[in-house]
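Tertiary structure, described
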Amino acid sequence: MINYKEKLHPIRAFVFDFDGVMTDGSVWTYADRETVRCGNIKDGYALQYAVKKGYIVAIISGATSLSIDHRMAALGVTQCFTGCANKMSTYRQFLADNGLEPAEVVCMGDDIPDYEIMSHCGVAACPADAAVEIKEISDYISPFGGGRGCVRDIIEQVLRLHGKWFHPDAVNW
């Protein structure tokens, strides 16, 4: 069996679920029906850094919320697919539109709706608090929970491997 780190070499793209990956899965609903989610600022930093370094980053989520769209746009993530009833169909289109092979993609999900796309990617990853079924098919289980740094964890591993993560010697003060 191949070590998951060996599978990180060809990675050019990241696909993330939103709720339970970018967040801890909590959704606060207010009287006006607006929902609020809480994310991790370090995950956000890693997302925008990956985009700046030339990686393709996408969100494929069953949830629909302007707050998701706005947060991802602010981070430079332009491929934000929300309200996806069929994540696999969206994933296939994402691959085709970006000229990607499944082996070039890390998919991170946390629950049953992510199972199919995670079964068809180069590296399947999940947060520490993912559903058992998702953990069973994951190449990598982050020690961090959803909304608690798991996104940063997998992005940082790929970028470090490719020599694209921050290095203090490269800073011009």
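Since the structure is predicted, the reported quantities are computational estimates derived from the model, not experimental observations.

Position of D114 relative to the elements: it lies in the loop between strand 6 (105-108) and helix 5 (115-118). We classify D114 as buried; its relative accessible area is 2%. Sequence spacing of D114 and C126 is 12 residues, and the spatial spacing of their C-alpha atoms is 9.9 Å. Leave out the neighbours within four places in its chain, and D114 touches D17, K87, G109 and I134. Within the structure, D114 has its side chain in polar contact with the backbone nitrogen of D110 (distance 2.9 Å).

Another aspect to go through is helix 7 (residues 150-161). If you check helix 7, its first and last C-alpha atoms are 17 Å apart, about what 12 residues at 1.5 Å a residue would give, namely 16 Å. Burial runs high along helix 7: nine of the 12 residues are buried. Residues of helix 7 that are buried include every one of C150, V151, D153, I154, I155, E156, Q157, V158 and L159, and no others. On its buried side, helix 7 packs onto helix 1 (4-7), strand 1 (13-16), helix 2 (41-52), strand 6, strand 7 (123-126) and strand 8 (140-141). Among the residues trailing helix 7, G163 stands out with phi positive, at a value near 70°.

Bringing the packing of aromatic side chains into the picture now. For the coordinates displayed, the defined rule picks out six aromatic pairs. Measuring from ring centre to ring centre gives 4.6 Å for Y4 and Y140, while their planes differ by 25°; the resulting arrangement is stacked. Note that Y4 is positioned in helix 1 and Y140 in strand 8, a separation of 136 residues in sequence. Assigned by exposure class, Y4 and Y140 land together as buried. Taken together, a centroid distance of 5.1 Å and an interplanar angle of 70° make the contact between Y49 and W165 edge-to-face. Of this pair, Y49 sits in helix 2 while W165 sits in the segment after helix 7, and the two are 116 residues apart along the sequence. Y49 sits in the buried class, given a relative accessible area of 11%. On the basis of relative accessible area, W165 is assigned to the buried category, the value being 10%.

Cut-off values and rules
- Residues numbered from 1 in each chain as written.
- Predicted model: local features only at pLDDT ≥ 70, side-chain atom pairs only at ≥ 80, totals over all residues.
- Heavy atoms only, no water.
- Helix = DSSP H or I, 4+ residues; strand = E, 2+ residues; numbered from the N terminus.
- Buried < 20%, exposed > 50% of the residue type's maximum accessible area, 1.4 Å probe, protein only.
- Contact = heavy atoms within 4.5 Å.
- Polar contact = N/O pair within 3.5 Å; in protein donor to acceptor, adjacent residues only side chain to side chain.
- Expected span 1.5 Å × (residues − 1).
- Phe/Tyr/Trp six-rings, centres within 6.5 Å; stacked < 30°, edge-to-face > 60°.

Remember that the coordinates give geometry; whether it matters functionally is a separate question.
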